[in-house]
Amino acid sequence: MSNTVIKVENLSKQYRLGKVGTGTLSQDLSRWWSLVRGKEDPFLKIGESNDRTSKGLSEYVWSLKDINFEVNQGDTLGIIGRNGAGKSTLLKILSKVTGPTTGNIKIKGRIASLLEVGTGFHPELSGRENIFLNGAILGMSKNEIKRKFDEIVDFSGVDRYIDTPVKRYSSGMYVRLAFAVAAHLESEILIIDEVLAVGDAEFQKKCLGKMNDVSKGEGRTVLFVSHNMAAVENLCNKGIVLNNGNMIFEGGSKESIDYYFKNQKSVVENQKISSKYVDEISILNSEREKISELEMGNNFTIQIKAKGISEVSGLNMGFFIKDIYDQKIAAFSTAMKLPILLDSQRSNNEIFEFNIINPPLLEGKYIIDISIAYKKGGRLEYIENAYSFDVLSKDIYGSGVMLNNYFGKIYLNAETTIKSI
């Protein structure tokens with residue numbers, strides 16, 4: 001007997017930008033007439049992929065296009081992709097929050113979903129009432145929910161507020177209770193989106209441990225979307241990679257992550273900055289030459305050519321350095337040391353240079369995001385994947401040992417002494 005619990009065939013989802021429906025009676029009649037004659041819907045022949053790096057010409061966008069995969073009972077599937085790849089849309093379709101435009105989905109078993117803060121809870125009801133409501137939706141009896149109730153409340157850590165309407169919860173409390181409900185009620189399939197990022201590090205670790213118990217200990221199926229690739233690799237046994245609504249890889253979790261980053265590298269290296277306020281970003285060596293790779297420990301300069309920001313007062317320029325797992329390694333901003341953007345006498349075109357002294361980065365590829373932020377909070381502009389560079393392995397201590405990414409992301413230059421006792 002087949003142990004397949006989710007089967008997705010030729011799944012596609014199309015959206016019309018800015019409008020609901022096809023927009024006119026003539027278009028609706030055209031679609032109906034094609035259906036009556038057994039012809040293909042004419043509006044399925046148009047539309048562009050969901051590529052956020054280009055403006056596009058069509059008002060129709062394919063958020064997902066011809067997705068096919070199967071998930072077996074007990075599998076933990078990691079769904080990987082950049083922002084806008086279609087990950088959340090896929091989970092919403094599988095959770096029956098929205099329907100597909102074309103394709104078929106076959107699901108065997110009950111689904112508990114945690115898609116985004118606010119999904120599945122009634123804001124006017126208390127935490128206690130929402131637990132019983134969610135259990136009833138899953139088809140559980142009142143006695144079955146009561147048996148799980150104390151365990152849910154204990155895991156969530158919100159027992160003091162369990163009889164308070166959830167509209168008064170913080171986002172962290174909301175997610176803690178929502179995850180506890182989804183993970184402990186008796187569903188065969190658990191679907192978790194990136195919402196775990198709202199919780200603190202301790203709770204995230206607790207959640208990942210529970211998902212591991214759910215899949216390996218209880219034999220339930222888990223679908224997991226996250227930008228934390230270390231969590232995906234440790235938790236999942238399978239993975240799929242989405243890009244602009246297309247599924248471009250399917251395999252083991254480690255193989256999927258490796259494929260994603262090989263694809264991600266080429267995207268970053270070839271990407272042109274699409275920005276209102278930044279013309280160019282470069283990395284310079286000590287000889288002021290533009291480079292894309294440097295040896296460990298070598299000083300370098302991040303140069304950002306800006307335009308038009310002098311017209312906006314109260315700003316700070318900064319950047320994040322990320323690894324290929326999209327994890328932030330370091331950051332710096334003029335707000336930390338010298339708020340130069342607060343000066344009023346500046347030109348329209350400016351060059352900002354950040355001199356990085358003795359960088360502790362180990363071997364690997366790194367990616368730079370640029371952030372232009374208001375002094376009082378909030379961002380004027382955030383540019384993802386603006387530039388990438390490579391750090392090369394080196395015998396940094398002169399000991400004959402070549403340091404590489406086996407040792408982590410940064411290295412420590414510790415003074416070492418040995419004493420006889």
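Numbers given to residues run from 1 along each chain, matching the order in which its sequence is written. Whole-chain, interface and lining totals are the exception, using all residues; otherwise, since this is a predicted model, local features are given only for residues with pLDDT of at least 70 and side-chain atom pairs are given and counted only at 80 or more. Excluded from the side-chain calculations are hydrogens and water; all other atoms, namely the structure's heavy atoms, are used.

S.K.: Hey, could you run me through the sheet that holds strand 15 (residues 315–323) in this one?
M.R.: Backbone hydrogen bonds hold the strands of a sheet together, and the pairing may be parallel or antiparallel. Think of it this way: DSSP has to see at least two bridges between two strands before they count as a pair. Think of it this way: any DSSP run of H or I at least four residues long counts as a helix, any run of E at least two long counts as a strand, and we number them from the N terminus. Spatial ordering of the open sheet is given by 13-19-18-15-16, a layout of five strands whose pairing is mixed. Edge strands, defined here as strands with exactly one partner in the open sheet, are strand 13 (293–295) and strand 16 (328–333). When the angles between neighbouring strand axes are averaged without regard to direction, this sheet yields 30 degrees. Judged from the nine bridges that link them, strand 15 and strand 18 (residues 364–374) form a sheet pairing that is antiparallel. From the neighbouring strand, Ile321 faces strand 18, where its bridge partner is Ile368. Only the stretch in contact is used when a helix axis is fitted, and all axes are lines through C-alpha atoms; the angle between N-to-C directions ranges over 0 to 180 degrees.

S.K.: Got a minute to help me understand the sheet that holds strand 6 (residues 111–114) in this structure?
M.R.: Here we have six strands laid out as an open sheet, ordered 6-7-8-4-9-10, and mixed in their pairing. Each edge of the sheet is formed by a strand with only one pairing partner; in this case those strands are strand 6 and strand 10 (246–252). Direction aside, the axes of adjacent strands within the sheet are offset by 15 degrees on average. Of the strand pairs in this sheet, strand 9 (residues 238–243) and strand 10 are connected by six bridges, and their pairing is antiparallel. Across the sheet, residue Ile240 finds its bridge partner in strand 10, namely Glu250. The contact definition used throughout considers only heavy atoms, calling two residues in contact when any of these lie within 4.5 Å. Contacting strand 6 and strand 7 (189–192), helix 5 (residues 171–184) crosses the sheet at an angle of about 165 degrees to strand 6.

S.K.: What am I meant to see in the nonpolar core here?
M.R.: One broad trend across soluble globular proteins is that nonpolar side chains are buried collectively. Buried Ala, Val, Leu, Ile, Met, Phe, Trp, Tyr and Cys residues that are joined via side-chain atoms within 4.5 Å together make up what is termed a nonpolar core. Burial here depends on accessible area, computed with a 1.4 Å probe over protein chains only, as a share of the maximum for the residue type. Under 20% is buried, over 50% is exposed, and the range in between is partly exposed. Ranked by internal contacts, the top residues of the largest apolar core, which has 43 residues, are Ile131, Leu177, Phe179, Leu190, Met211 and Phe224. In terms of residue count, the dominant contributor to this core is helix 5 (nine residues). Ranked by size, the runner-up nonpolar core spans 32 residues in total, among them Tyr277, Val278, Ala386 and Phe389.

S.K.: What is the right way to read the packing of helix 3 (residues 127–137) against helix 4 (residues 142–156) from this model?
M.R.: Between two packed helices, what matters for the description is the angle formed by their axes and the separation of those axes. Relative to each other, helix 3 and helix 4 sit at 130 degrees, their axes nearing to 10 Å. Classified by the interaxial angle, the pair formed by helix 3 and helix 4 is oblique. By crossing handedness, the relation of helix 3 to helix 4 is classed as right-handed. Facing helix 3, whose interface residues are Arg128, Ile131, Phe132, Gly135 and Ala136, helix 4 presents Lys142, Ile145, Lys146, Phe149, Ile152 and Val153. In this classification, the charged set is Asp, Glu, Lys and Arg, the nonpolar set is Ala, Val, Leu, Ile, Met, Phe, Trp, Tyr, Cys and Pro, and all remaining amino acids, among them Gly, are polar. Its residues assigned to classes, the contact of helix 3 with helix 4 comprises seven nonpolar, one polar and three charged. Roughly parallel means an angle under 35 degrees; roughly antiparallel means over 145; roughly perpendicular covers 65 to 115; every other angle is labelled oblique. Crossings are assigned a handedness: left-handed for a near helix turned anticlockwise from the far helix by less than a right angle, right-handed for a clockwise turn.

S.K.: Hey, could you run me through a nonpolar patch on the surface in this one?
M.R.: Nonpolar side chains (Val, Leu, Ile, Met, Phe, Trp, Tyr) are joined into patches within 5 Å and like charges within 9 Å, using only residues with over 30% relative accessible area and no salt bridge. Accessible surface area values rest on a Shrake-Rupley calculation with a 1.4 Å probe, where residue burial reflects the displayed protein chains alone. Salt bridge criterion: a side-chain nitrogen from Lys or Arg within 4 Å of a carboxyl oxygen from Asp or Glu. Judged by side-chain polarity, Val401, Tyr406 and Phe407 come together as a nonpolar surface patch covering roughly 360 Å² of accessible area. Secondary-structure assignment places Val401 in the segment after strand 19 (379–392).

S.K.: Can you help me understand the environment of Ile6 in this one?
M.R.: Here Ile6 lies in strand 1 (residues 4–16). Given the relative accessible area of 0%, Ile6 is considered buried. Residues Ile6 and Thr221, 215 residues apart in the sequence, show an inter-C-alpha distance of 9.3 Å. Excluding its chain neighbours within four sequence positions, the residues that come into contact with Ile6 are Phe69, Glu70, Val71, Leu94, Lys106, Ile107, Ile189 and Leu223.

S.K.: I would appreciate a short explanation of the environment of Ile105 in the present structure.
M.R.: Mapped onto the secondary structure, Ile105 falls in strand 5 (residues 102–107). With 98 residues separating them along the chain, Ile105 and Lys7 place their C-alpha atoms 5.8 Å apart. The contacts of Ile105, once residues within four sequence positions are left out, are Lys7, Val8, Leu11, Ile93 and Leu94.

S.K.: Please explain the pairing of strand 15 as it appears in this structure.
M.R.: Moving residue by residue along a regular strand, the side chains alternate between the two faces of the sheet. Most of strand 15 is tucked away: nine of the nine residues are buried. Two strands pair when backbone bridges link them, and strand 15 and strand 16 are joined in this way by five bridges, in the antiparallel orientation. Bridge pairing in strand 16 places Gly318 opposite Ser333. Linkage of strand 15 to strand 16, two consecutive antiparallel strands, is achieved through a turn of four residues, within which Asp326 is found at a positive phi near 70 degrees.

S.K.: I keep staring at unusual backbone geometry and nothing clicks. Help me out?
M.R.: Among all residues except glycine, the phi angle is most often negative; among peptide bonds, the trans geometry is most common. One non-glycine residue, Arg288, adopts positive backbone phi at about 70 degrees. Among the secondary structure elements, Arg288 is positioned in the loop between strand 11 (278–284) and strand 12 (290–291).

S.K.: Even after reading the chapter, I still don't get the pattern of salt bridges, so can you show me in this structure?
M.R.: Between side chains of opposite charge, a pair can form when the charged atoms approach closely. A full pass over the atoms with the stated rule returns 17 salt bridges. Glu188 serves as the salt-bridge partner of Arg110, at 3.6 Å between the closest nitrogen and oxygen. With Arg110 in the loop between strand 5 and strand 6 and Glu188 in the loop between helix 5 and strand 7, the pair connects residues that are 78 residues apart, well separated along the chain. Taking the shortest distance from any N to any O, the salt bridge between Glu218 and Lys210 comes out at 3.7 Å. Several salt bridges converge on common partners, so that one network encompasses Lys7, Glu9 and Glu70.

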